[in-house]
Amino acid sequence: MQIQEDKPYDDINITPMLDLAYVLLVIFILMCTASVQGIKVNLPHASNTPAPPLAKPKTVAITINNSGGIAFDATPVTLAELTQRLTAAKAATPDLPVVVRGDSATQYQAVMDVLAVVGNLGINQVGLATKPATSK
């Protein structure tokens, strides 16, 4: 009787591959837990008083009504007064955020005048307020 030695295998033995995977898993677990340990130090205790919140710059709202009137944070101002107030606010907070709120019936030129003042002062955080679109 002759035995055929060039017969292909019908199954794949995955035992060596699983052994390797388990060894690697154990090595990774040991290395991760070993790296967490460090030098023991006496940590300071935190105070019971809450920390003050980080100061965020207050957003300035410039509103333009339908007749072209300008309001700086709900205070009516002229274009010259707006320039003075924005200059003072920018001096206090260099990265001053500004939101321009224009009425839908406002003349476009009034909004452009306000945006020109904001741009001339170097204020680059400017937002234009709108209403969300209604779905039909």
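The sections below set out a description of the structure shown in this document. (Residues numbered from 1 in each chain as written. Predicted model: local features only at pLDDT ≥ 70, side-chain atom pairs only at ≥ 80, totals over all residues. Heavy atoms only, no water.)

Turning our eyes to something else, we now look at the sheet that holds strand 1 (residues 60–64). The mixed open sheet is built from 5 strands, whose spatial order is 3-2-1-4-5. Of all strands in the sheet, those bounded by a partner on one side alone are strand 3 (75–77) and strand 5 (125–128). Each adjacent strand pair in this sheet contributes to an overall mean axis angle of 25°, direction not counted. Summarising the sheet, strand 4 (residues 97–102) and strand 5 pair through 4 bridges and their orientation is parallel. The residue bridging Val 98 from the neighbouring strand is Val 126, located in strand 5. Helix 2 (residues 79–92) contacts strand 1, strand 2 (70–72), strand 3 and strand 4 of the sheet and is inclined by roughly 115° relative to strand 3. Its contacts with the sheet put helix 3 (residues 108–120) on strand 1, strand 2, strand 4 and strand 5, and the angle it makes with strand 1 is roughly 155°. (Pairing = 2+ DSSP bridges. Helix = DSSP H or I, 4+ residues; strand = E, 2+ residues; numbered from the N terminus. Axes fitted to C-alpha atoms, helices over the stretch in contact; angles between N-to-C directions. Contact = heavy atoms within 4.5 Å.)

When the terminal C-alpha atoms of helix 2 are compared, their 20 Å separation across 14 residues agrees well with the 20 Å that a helix rising 1.5 Å per residue should span. Looking at helix 2, one finds that the buried residues are Leu 82, Leu 86 and Ala 89. Buried residues of helix 2, seen end-on, are gathered within an arc of 65° and therefore sit on one face of the element. Relative to its buried face, helix 2 has exposed residues pointing more than 90 degrees away, namely Ala 80, Gln 84 and Ala 91. Lining the buried residues of helix 2 we find strand 1, strand 2, strand 3, strand 4 and helix 3. (Expected span 1.5 Å × (residues − 1). Buried < 20%, exposed > 50% of the residue type's maximum accessible area, 1.4 Å probe, protein only. Arc of directions from axis to C-beta.)

In the Ramachandran plot, Asp 73 falls in the positive-phi region, its phi being about 50° despite a non-glycine side chain. Positionally, Asp 73 belongs in the loop between strand 2 and strand 3. Asp 73 sits in the partly exposed class, given a relative accessible area of 29%. In the Ramachandran plot, Ala 74 falls in the positive-phi region, its phi being about 70° despite a non-glycine side chain. Following the sequence through the fold, Ala 74 ends up in the loop between strand 2 and strand 3.

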